[in-house]
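# Summary of structural features
Single-letter residue listing:
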Amino acid sequence: MAVKIRENWLEATRYLKQWDRAFSNSWSGELASSREIPEEGWIDWRLIRSLCMRGVQVALAALILTSSITSALADNSSPFIYLATEDPFAAGQPAKNDVYFFGGVFAAGSFGDTINVFGADYTNNYIIGAAYGRDFADIGAGFVLGGVAGAAARFGEDDDTSGEVWAGVRVRHQGLVIGDLAIAPALTAGLSAVTGTTGIEREREIYYDGDASFLGFIGAELSFRLRQAPNVELVYQLHHRSGAGGTFGNMGEGSNANTVGVRYRF
């Protein structure tokens, strides 16, 4: 077992070094720019963006390291890897409620461009928020139907501070279990309203001759949790607003943000 842990640790460390090289040039550039003495009350959004993306890098690297170790420590009586059809870590009745706290960075590209986390064209604009979710029914094959409602603040170098509220229907899967780690996808689809548009949304309002104040919402996510902490998840979510091809506000793309947060189930 010790040999297996060491092999997995070395493999995961190689991934971490690759990510570090990918970020080092932009990170150094941002730090160099930040050495200029700022005016009073000025915020270095470039440095904040670099810190946020470094945080995403560290979080994902930690997940790989953790999964490498815990997979070697998995209970020998359980399959090493399998698709769960029920909550794999629930002791008794599975939790139906959850609260989710997150923060993230807006990207200039489309949904398809933004989902490439390390290649997205990030802006100096940010989102922080929280959401409440509840599972309603097990619909079979490991899928669970539920609902989500959330609120967030949006702010940054190019944007006035605005608020967002959204609600939607969520379909999630119990996930792929690898040792003591469960990796679970989910998709939320619903509606989103804002108190004011971001810079990117304003540009797209002009392009589409539309209104981005009330749009469709998609939350595509991947969550990670350990058997040792079954009620806590680390979550990556792409926070997407759009007009669904002109259905809402005569809009196409609205805005996209990559976010990372923590969800607690109860």
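Located above this text is the structure these notes cover.
Residues numbered from 1 in each chain as written. Predicted model: local features only at pLDDT ≥ 70, side-chain atom pairs only at ≥ 80, totals over all residues. Heavy atoms only, no water.

### What to know about unusual backbone geometry
- With a phi close to 55 degrees, D209 is a non-glycine residue in the positive phi region.
- For D209, the location among the structural elements is in the loop between α4 (199-208) and β8 (214-226). (Helix = DSSP H or I, 4+ residues; strand = E, 2+ residues; numbered from the N terminus.)

### A few points about the side chain of N258
- With respect to the helices and strands, N258 occurs in strand β10 (residues 253-265).
- On the accessibility criterion, N258 (7% relative accessible area) is buried.
- Only 2.8 Å separates the side chain of N258 from the side chain of Y122, close enough to count as a polar contact.
- Polar side-chain contacts of N258 include one of 2.6 Å to the side chain of Y236.
- Setting aside anything within four residues of it in sequence, one finds N258 in contact with G103, G104, V105, T114, V117, A120, Y122, Y236, Q237 and L238. (Buried < 20%, exposed > 50% of the residue type's maximum accessible area, 1.4 Å probe, protein only. Polar contact = N/O pair within 3.5 Å; in protein donor to acceptor, adjacent residues only side chain to side chain. Contact = heavy atoms within 4.5 Å.)

### So, the pattern of salt bridges
- Summed over all chains, the structure comprises 14 salt bridges.
- As a salt-bridge pair, R225 and D87 come within 2.7 Å of each other at their nearest N and O atoms. Here the residue R225 occupies a position in strand β8, and D87 occupies one in the loop between β1 (81-83) and β2 (97-107), the gap between them amounting to 138 residues.
- Among the ionic pairs, E233 bridges to R225, the shortest N-O distance being 3.9 Å. Accessibility assignment for this pair places E233 and R225 in one class, buried.
- One network of salt bridges, in which partners are shared, links D87, D98, D135, R170, R172, E221, R225, E233, R263 and R265. (Salt bridge = Lys/Arg side-chain N within 4 Å of Asp/Glu carboxyl O.)

Coordinates in, geometry out; function isn't part of it.
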